Amino acid sequence: MTHPWTRRSLLRTAGGASLTAGLTGASAMARPGSAHGAAAGRSVVSAEDFAALRATWRDLLLGTGFSPTAQPFKDRLATLGATARKLLSTMAPADGSLWPDAVFADPEPDTDPESYGFSGQIQTSYTRLQTMAQAFAQPGTGITGDQDLAAALQTGLDHLHEQVYNERTTRYGNWYSWQIGAPQPLLDICVLLHDRLSDERRARYLAAVDHFVPDTAVGSYTGTSTGANRVDLCRVLALRGIVGGDAAKIALARDALTPVFPYVTSGDGIYADGSVVQHTWVPYTGSYGAVLIDGLSKLFALLGDSPWAVVDPKRQLFLDAVEHAYAPFLFNGLMMDGVSGRAISRGVAAGDATGTQADDHLRGHPVIASILLLGEGASAAERARWRGLAKGWCRRDYYSPAMSDPSLSIGALSRLKAVLDDSAVTPVPEPTGHRQFPGMDRAVHRRPGWAASLSMASRRITYYENGNGENVRGWHTGSGMLYWWGDTYGNGQYSDAFWPTVDPMRLPGTTASRKKLADGEGGVWGAARPEVSWVGGSEAGPYAAAGQYLKGLASTLLAKKSWFFLDDAVVCLGAGITARDGQTIETIVDNRNLGPTGGSALTVDGRPQPTSYPWSATLTGARWAHLAGHAGYVFPGGTTLKALREARSGAWKDINAGGSPTPVERRYLTLLTDHGTDPSGAHYSYVLLPGASAARTAARAADTAWLRVLANTDDLQAIAVPSLGFLGANFWFGGTAGPLTADAPASVTVHERSDGTAVIGVSDPMRARTSLKLTWRRRVSAVLSKPSTVTAATTGASLTLTFGDLTGTGGVSQKVTVRVG
């Protein structure tokens with residue numbers, strides 16, 4: 001099946017079965033003396049090498065080791081056949097189109113939005129033919145090997161070539177459609193139907209590919225030829241070489257992967273801290289990152305046993321990324337939305353008769369399948385560990401089981417099924433701990449029973465990305481949005497039609513103006529970025545601090561926001577909240593999606609609140625609140641809390657031009673602090689307790705000694721939790737917080753452990769200081785470990801640490817371990 005929302009996520013692909021090929025360019029395959037040439041072991045290739053590659057591609061994309069008469073494959077194959085039959089019955093070659101609803105002829109070809117739409121229909125047409133080719137090649141579809149289907153495929157390929165995708169056409173609209181979106185399915189079909197396509201036909205199709213994807217497409221690592229896009233282009237070149245028997249093309253594709261592997265310090269790619277960025281400013285682990293791992297896992301597997309094996313030693317950096325970059329954002333089968341860019345808006349596509357909704361779970365499953373495939377070429381230890389991770393993720397995904405995922409390819413489905421059925425694989429539980437990703441202004445916190453993710457923005461990372469008419473109301477997703485999930489609850493919180501129905505001005509955790517914004521406010525492709533640098537945090541052991549100097553999108557809003565991540569809680573502070581636009585400013589404590597019925601009970605200070613819709617109330621002096629089945633909330637010192645229940649309706653088309661116009665409705669419970677119109681120096685404080693019962697929430701509110709708020713000002717935000725041995729401070733300038741003094745802006749966390757040692761984590765979120773002096777007024781008997789750039793001195797009851805080279809750390813915490821007492 002095909003779904004328009006997959007355009008920039010994983011592409012449905014098909015392979016072929018032919019074992020014959022011509023041979024060109026063999027002499028350029030492997031240079032004698034090169035690493036690749038040495039690995040290949042020979043410099044001459046044969047037709048059998050290309051035939052073997054075609055067979056491997058078929059196995060990779062169509063799947064192996066499954067029974068077409070067993071579930072879930074039996075039903076999936078039947079559905080594939082039904083979809084292909086429908087496409088066959090509606091295919092009507094005409095001037096400017098192959099299907100009446102997919103017109104690609106552009107009356108005014110250029111690069112405006114209309115031309116983007118027309119060029120996208122070229123990709124749509126080839127992808128539909130690819131679906132038909134899959135149904136032809138796969139067993140159990142009801143039209144396997146059907147002669148009429150094969151003839152129709154040839155007709156469709158010829159029509160698209162004659163009409164639009166040929167060496168005489170000048171591209172228009174979106175570059176992606178011409179260089180990746182169309183040639184990938186075209187080449188897959190050429191592999192699949194290799195024996196049924198004449199040499200002349202293949203040559204014509206390959207000439208078109210050469211026209212739109214020349215060798216120069218990977219000539220430099222810039223523009224649209226970086227990161228995931230570069231891997232996609234390499235896939236096109238490799239398959240073009242395999243179909244055409246051109247060894248030089250395959251070698252070029254392999255060698256062009258080289259700049260993808262090293263860590264980057266700016267722009268597109270993977271950072272040493274595990275960040276994955278595309279489009280220069282956008283965190284993209286879950287979308288472009290998914291394309292990256294899908295493409296590399298397939299290319300590694302495709303070329304692994306061939307003369308063109310990828311043996312660049314830097315490929316290990318990407319293998320390391322499985323646990324360093326991808327696994328932190330996978331939770332019980334879902335891929336966290338905060339690193340999926342504009343893909344969060346794709347939902348249900350217009351015209352999709354199946355109504356399949358793209359969501360965080362459907363983005364997570366193919367990444368897990370790619371990790372399994374990547375493991376086949378990794379070390380034995382990595383392979384075993386990744387299989388355990390995959391089994392754990394899939395087993396715990398009760399909300400959207402991977403085996404029921406309608407968007408997974410048969411190949412991906414077969415890999416997941418194999419590991420789930422393997423009794424020798426022990427599921428790995430979700431890890432605990434905290435990870436900061438300063439390269440993309442993100443943080444992830446995991447504790448037993450729950451996980452949270454924080455999205456921020458700075459001059460380095462956009463508030464949000466929109467483009468191609470997608471995600472046009474994601475305005476505040478980078479304004480401190482705090483996502484959280486439970487282990488056995490809340491895994492559908494952002495999956496269940498959240499994005500088209502939530503109030504986009506009231507995203508959980510954010511501080512935002514109620515000022516009306518235009519769709520796409522701030523510009524496309526991540527252009528909207530605040531002119532601030534202090535965004536980041538530090539961690540010590542399992543605990544952490546994060547902070548964001550917030551400047552509102554298209555508003556005068558300013559705020560200092562801090563989060564302190566602990567065992568069973570996130571302590572949230574805000575200060576210096578100021579604006580002058582004549583608009584109301586709000587901080588959203590939480591905004592929970594309660595599904596279609598919305599029955600969860602709200603209790604405030606022990607008093608049940610109405611469950612009717614709509615309902616709202618202003619509750620003065622509130623000390624705690626509890627939402628049944630979700631969380632508890634504590635307000636130190638009491639607060640004026642606004643609460644409302646509302647049934648909200650919307651359509652995916654409201655936030656994505658390609659989305660379904662069908663309205664959907666969900667019910668929400670919102671808790672917020674209203675800072676009023678044009679506040680000056682406003683503040684807030686609250687404690688989020690994921691999964692807490694009402695009794696535990698009330699007890700935490702009554703235990704006024706548990707939390708000490710040391711400071712909550714425009715200059716400094718800091719807390720101490722004595723029972724945990726935790727002290728955290730975000731110094732917006734320099735200053736003193738309890739026993740801590742910093743001489744410059746910094747984030748500092750201290751965790752005193754029960755074994756008599758303490759870990760001190762320090763970062764410069766601004767990345768502007770060459771040095772920082774920190775004094776901790778605590779008796780320290782020994783410094784156990786520290787970076788070489790840190791000097792330590794103990795005088796009486798104080799420890800003074802001087803940190804050097806903070807500008808070169810990329811915002812990552814520097815950690816010092818000491819013995820106290």
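Structure shown above.
Caption draft 1: Inspection of the overall build of the chain at higher detail. Helix and strand content of the chain: 17 helices and 33 strands. Over its C-alpha atoms the chain spans a radius of gyration of 28 Å, differing by no more than 12% from the 28 Å that the globule rule assigns to 821 residues. The principal-axis extent of the C-alpha atoms belonging to the chain is close to 80 × 65 × 55 Å. A buried classification covers 62% of the 821 residues belonging to the chain. Summed over all atoms, the accessible surface of the chain reaches about 27200 Å², with 53% contributed by carbon and sulfur. A gap of 5 Å separates the mean positions of the 75 positive and 72 negative side-chain charges of the chain.

Caption draft 2: Seen up close, the packing of helix α5 (residues 147-163) against helix α8 (residues 199-212). Packing of α5 against α8 brings their axes to within 11 Å, and their N-to-C directions diverge by 40 degrees. Comparing their axes, α8 and α5 come out oblique. Relative to α8, α5 is oriented so that their crossing is left-handed. Between α5 and α8, the contacting residues are Q154, L157, D158 and H161 on the first element and R201, R204, Y205 and A208 on the second. The class makeup of the residues in the contact of α5 with α8 is three nonpolar, two polar and three charged.

Caption draft 3: Representation of the nonpolar core within the structure. Ranked by internal contacts, the top residues of the largest apolar core, which has 190 residues, are L129, M132, Y165 and Y633. Sequence-distant contacts of L129, defined by excluding residues within four places in its chain, comprise M91, L98, W99, L153, G156, L157, L160 and I189.

Caption draft 4: Highlighting the pairing of strand β23 (residues 716-721). Of all six residues that make up β23, six are buried, and the element is covered over most of its length. A two-sided burial pattern is seen for β23, the buried positions comprising L716, A718 and A720 on one face and Q717, I719 and V721 on the other. When strand β22 (residues 708-712) meets β23, the two strands line up antiparallel, connected through four bridges. Looking at β23, one finds that R708 is bridged to A720. In this structure, the hairpin formed by β22 and β23 is closed by a connection of three residues. Adjacent in sequence and paired antiparallel, β23 and strand β24 (residues 726-731) are bridged by four residues, among which G725 carries a positive phi angle near 65 degrees.

Caption draft 5: Quick look at α5. When the terminal C-alpha atoms of α5 are compared, their 24 Å separation across 17 residues agrees well with the 24 Å that a helix rising 1.5 Å per residue should span. Residues of α5 that are buried: L149, A150, A152, L153, Q154, G156, L157, D158, H159, L160 and H161. As for α5, its buried residues are in contact with α3 (73-90), α4 (113-137), α7 (183-192) and α8. Its side-chain oxygen at 3.0 Å from the backbone nitrogen of D148, D146 defines the N-terminal cap of α5.

Caption draft 6: Structural context of the sheet that holds strand β26 (residues 740-742). Strand order in the open sheet formed by five strands is β25-β26-β29-β32-β31, with antiparallel pairing between adjacent strands. Each edge of the sheet is formed by a strand with only one pairing partner; in this case those strands are β25 (735-737) and β31 (790-795). On average, each strand axis in the sheet is inclined to that of its neighbour by 15 degrees, with strand direction left out of account. Examined bridge by bridge, β25 and β26 share three bridges and lie antiparallel to one another. Bridge pairing links A737 to L740 in β26.

Caption draft 7: Representation of the state of the cysteines within the structure. Counting across every chain of the model gives zero disulfides. Free cysteine C234: the closest other cysteine sulfur is in C190, separated by 19 Å. Assessed through its relative accessible area of 0%, C234 is described here as buried.

Caption draft 8: Structural detail: unusual backbone geometry. The amide bond that connects Q71 to the next residue, P72, takes the cis arrangement and shows omega of 5 degrees. You can see P72 is positioned in the loop between α2 (47-62) and α3. For the peptide bond that leads from Y613 to P614, omega is -10 degrees, which places it in the cis range. Take P614: it is sitting in the loop between β17 (607-608) and β18 (615-627). Located in the positive-phi region is T280, a residue other than glycine, with phi close to 70 degrees. Turning to its location among the elements, T280 is positioned in the loop between β2 (276-278) and β3 (282-283).

Caption draft 9: Expanded view of the pattern of salt bridges. Scanning the model with the defined rule gives 35 salt bridges in all. For the salt bridge of R363 with D337, the shortest nitrogen-to-oxygen distance reads 2.5 Å. In this pair, R363 sits in helix α13 (residues 360-375) while D337 sits in the loop between β5 (334-335) and α13, placing the two residues 26 residues apart along the sequence. For R363, a relative accessible area of 8% gives the class buried.

Caption draft 10: Structural detail: the sheet that holds β22. Taking strand neighbours across the sheet as the criterion, the seven strands line up as β22-β23-β24-β27-β28-β33-β30 in an open arrangement whose pairing is antiparallel. Because the sheet does not close on itself, it has two edges, and the strands there are β22 and β30 (780-785). Shown here is a sheet whose adjacent strand axes are inclined to one another by a mean of 15 degrees, direction ignored. Pairing analysis gives six bridges linking strand β27 (residues 746-752) to strand β28 (residues 757-763), with the strands arranged antiparallel. Along β28, the bridge assignment pairs E752 with A758.

Caption draft 11: Up close: the packing of aromatic side chains. Under the criterion given, the structure shown has 23 aromatic pairs. Plain terms: the ring middles of W178 and F212 are 4.9 Å apart, the flat faces sit at 40 degrees to each other, and that makes the pair tilted. Here the residue W178 occupies a position in helix α6 (residues 175-181), and F212 occupies one in helix α8, the gap between them amounting to 34 residues. Look at W178 and you get buried, because its relative accessible area is 0%. Overall, F212 belongs to the buried group, its relative accessible area being 5%. Where Y483 meets W485, the ring centres are 6.1 Å apart and the plane angle is 5 degrees; that geometry is what we call stacked.

Caption draft 12: Geometry of the layout of surface pockets. What the second largest pocket holds in volume is close to 380 Å³. Lining the second largest pocket are 22 residues, with T64, G411, S414, R415 and A418 sitting closest to its centre. At the level of elements, α2, α13, α14 (380-396) and α15 (410-420) are the ones that each hand at least two residues to the lining of the second largest pocket. Looking at the lining of the second largest pocket, the element that brings in the most residues is α15, giving six residues. The residue makeup of the lining of the second largest pocket, split by class, is eight nonpolar, seven polar and seven charged.

Caption draft 13: Structural context of the environment of G355. Along the chain, G355 falls in the loop between β5 and α13. Separated by 183 residues in the primary sequence, G355 and Y172 place their C-alpha atoms 30 Å from one another.

What counts, and where the lines are drawn
Residues numbered from 1 in each chain as written. Predicted model: local features only at pLDDT ≥ 70, side-chain atom pairs only at ≥ 80, totals over all residues. Heavy atoms only, no water. Helix = DSSP H or I, 4+ residues; strand = E, 2+ residues; numbered from the N terminus. Rg over C-alpha atoms; globule rule 2.2 N^0.38 Å. Buried < 20%, exposed > 50% of the residue type's maximum accessible area, 1.4 Å probe, protein only. Areas by Shrake-Rupley, 256 points an atom, 1.4 Å probe, with all protein chains shown as cover. Lys, Arg positive; Asp, Glu negative; His and termini not counted. Charge placed at Lys NZ, Arg CZ, Asp CG, Glu CD. Axes fitted to C-alpha atoms, helices over the stretch in contact; angles between N-to-C directions. Parallel < 35°, antiparallel > 145°, perpendicular 65-115°, else oblique. Left-handed = near helix turned anticlockwise from the far one by under 90°. Contact = heavy atoms within 4.5 Å. Nonpolar A, V, L, I, M, F, W, Y, C, P; charged D, E, K, R; others polar. Core = buried A, V, L, I, M, F, W, Y, C linked by side-chain atoms within 4.5 Å. Pairing = 2+ DSSP bridges. Expected span 1.5 Å × (residues − 1). Polar contact = N/O pair within 3.5 Å; in protein donor to acceptor, adjacent residues only side chain to side chain. Disulfide = S-S within 2.5 Å. Salt bridge = Lys/Arg side-chain N within 4 Å of Asp/Glu carboxyl O. Phe/Tyr/Trp six-rings, centres within 6.5 Å; stacked < 30°, edge-to-face > 60°. 1 Å grid on protein atoms, 1.4 Å probe; cavity = no way out; pocket = protein on both sides within 12 Å on 5 of 7 lines; lining within 4 Å. Points joined across faces, edges and corners; volume = space filled by probe spheres on them.

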